[in-house]
Amino acid sequence: MKKYSKLIFAAIIALIFIGTFVFLWQKSRPKDIMYLEFTPKMDSIQKTTIITGKIEPRNEVNVKPQISGIIAELMKEPGQYVQQGEVIAKVKVIPDMGQLSSAESRVRLAALNLRQAQVDYNREEALHNQQLVSDEEFDKVRQQLRQAREEQSAAEDALQVVRDGVSRSNAKASSTLIRSTISGVILDIPVKVGNSVINSNTFNDGTTIATVANMNDLIFRGNIDETEVGQLVLGMPMKITIGALQDLKFDALLEYVSPKAVESNGANQFEIKAAVKLAEGGEIRSGYSANAEIVLARAEKVLCVPESTIEFSGDSTFVYVVKDSGRRPTYERKQVVIGLSDGVHIEIKKGLSLKDKVRGTQIITDDNKK
């Protein structure tokens, strides 16, 4: 009995040893390397680029006061539409004491000159009635009286403008009423009632009362890399996608490419502008972030293969053509001439036909990973 037990034990040990040897031998054998295979096809290829930028109104103006003072009243709010010449705000004038003093002095001097001109006129008129002076001399005195009256009126108007910002003679064109210079939507009113404002002068741009823009005439503004700017042509169509309006796409036409580059993040970029065609159903706001897709090149109905099948070697390009697609397929290295690429597929100008089949990337299996 013991003899049989030893034989059985020895047989089990032998089976384990043989099984382990067979397993290790199979694992040590090289695995067949398998590749994806592709058949060339006729298709259209286009090279596109995405340009980031934003939407802006073409005509956006800052409305500034013609006089300095304090905001007394605001008639409009951001988002409202205004016509050209419509009043946006009213300014209360805080007169400059030097200008006020000068204007008051001018009024007093004009009054003195008018009184003297009136006295001269009355005296000359009496003499003229007695035919003691000629008509020519009397006309001169009468003209001087008219000039004195006009000067007094002008001096009073100037005083009213300095003191109140408006005079009786130009009440409709009062500089205290801040009017829109264009028709459009008010984008911003950066001032509040009680804020001090100043007019534009040699030393200051002046205070902005409101920003108004025509929101029916919008442009896309962005930057394109110098490696792609040479392929742009004015009038090229673009597709605009706005981040806040994902369901809507807008057509645009390229209308401007900057002649000068600007450096951004270490790269030279050129500013572009495109006229946006508004579509119904989407309210576009100024400053929306947007992406513009533009087709730089296109090839229609050309022979193409996946770009992953191409081997680049110096200035030459090659593919591996399937010669035998059996259990262990064989491949032949063949030089080809390539054309346009969209990053996924590439045009083959010479070297392949629709009957060929080319090798792609290696098929990765669990055994390969191990």
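Treat the numbers as computed from the prediction; the structure is a model and nothing was measured.

Procedures and definitions
- Within every chain, residues take consecutive numbers counted from 1 along the sequence as written.
- Local features in this predicted model are restricted to residues whose pLDDT is 70 or higher, and side-chain atom pairs enter the listing and the counts only when it is 80 or higher, whereas totals over whole chains, interfaces and linings include all residues.
- Derived side-chain values reflect all non-hydrogen atoms in the structure, with water molecules and hydrogen atoms excluded from consideration.
- In this scheme, strands are said to pair when DSSP sees at least two bridges between them.
- Each helix is a run of DSSP H or I of at least 4 residues and each strand a run of E of at least 2, with the numbering of both proceeding from the N terminus.
- When a residue's accessible area, from a 1.4 Å probe over protein chains only, is under 20% of the maximum for its type it is buried; when over 50% it is exposed; and in between it is partly exposed.
- For this analysis, a nonpolar core means a set of buried residues of the types Ala, Val, Leu, Ile, Met, Phe, Trp, Tyr and Cys, connected via side-chain atoms within 4.5 Å.
- Residue contacts follow a heavy-atom distance rule, with two residues in contact if any of their heavy atoms lie within 4.5 Å.
- Cavities and pockets were defined on a 1 Å grid built from protein atoms only: a cavity is a group of points that admits a 1.4 Å probe but offers it no way out, a pocket is an open group of points flanked by protein on both sides within 12 Å along at least five of seven lines, and a lining residue is one with an atom within 4 Å of any such point.
- Grid points are joined across faces, edges and corners, and a volume is the space filled by probe spheres set on the points.
- In the scheme used here, Gly and all other residues not listed as nonpolar or charged are polar, with Ala, Val, Leu, Ile, Met, Phe, Trp, Tyr, Cys and Pro taken as nonpolar and Asp, Glu, Lys and Arg as charged.
- Stacked, tilted and edge-to-face are the three classes applied to pairs of Phe, Tyr and Trp rings, where Trp contributes its six-membered ring and a pair requires centres within 6.5 Å; stacked means planes under 30 degrees apart, edge-to-face means over 60, and tilted covers the rest.
- In our convention, an over-ring charge means Lys NZ or Arg CZ found within 6 Å of a ring centre and within 35 degrees of that ring's normal.

**Student:** Can you explain the sheet that holds strand 6 (residues 87–93)? Please cite residues and give values.
**Tutor:** Pairing within the open sheet is antiparallel, and its four strands lie in the order 7-6-4-9. Strand pairing shows two members of the sheet lacking a second neighbour, strand 7 (177–179) and strand 9 (196–197), which therefore form its edges. Alignment of strand 6 against strand 7, held across three bridges, turns out to be antiparallel. By the bridge assignment, A89 is partnered in strand 7 with I178.

**Student:** Provide a residue-level description of the sheet that holds strand 5 (residues 81–82), including the pertinent values.
**Tutor:** The four strands lie next to each other as 3-10-8-5, forming an open sheet whose pairing is antiparallel. Among the strands making up the open sheet, the edge pair consists of strand 3 (60–63) and strand 5.

**Student:** Describe the pairing of strand 6, with residues and values.
**Tutor:** For strand 6, the tally of buried residues reaches five of seven residues, placing the bulk of the element in the interior. Direction of pairing for strand 4 (residues 69–74) relative to strand 6: antiparallel, over a ladder of five bridges. Bridged to I71 within strand 6 is V91.

**Student:** Pulling in residues and values, what's your account of the nonpolar core?
**Tutor:** Judged by nonpolar contacts, the single largest core of 27 residues is most densely connected at I55, F220, L232, M238, I240, I242 and I272. Among all residues touching I240, those that are not within four sequence positions of it are I55, F220, L248, K249, F250, A252, A290, N291 and A292. By size, the runner-up hydrophobic cluster in this structure holds 16 residues, among which are I88, I178, I186 and I209.

**Student:** Requested: an account of the layout of surface pockets, with residues and values cited.
**Tutor:** Reported here for the largest pocket is a volume of approximately 260 Å³. Around the largest pocket, the lining comprises 15 residues; the ones closest to its centre are V185, M215, E283, I284 and R285. For the lining of the largest pocket, the element with the highest residue contribution is strand 8 (residues 184–188), accounting for three residues. Class assignment of the residues belonging to the lining of the largest pocket gives a composition of nine nonpolar, four polar and two charged.

**Student:** Got a sec to walk through the packing of aromatic side chains? Specific residues and values, please.
**Tutor:** If you walk through the whole model with that rule in mind, you get one aromatic pair. When the ring centre of F318 is taken as origin, the NZ or CZ atom of R333, which lies over that ring, is 3.7 Å away. A cation over a ring is seen here: R359 above Y331, with NZ or CZ 5.2 Å from the ring centre.

Purely spatial values, then, with no claim about function.
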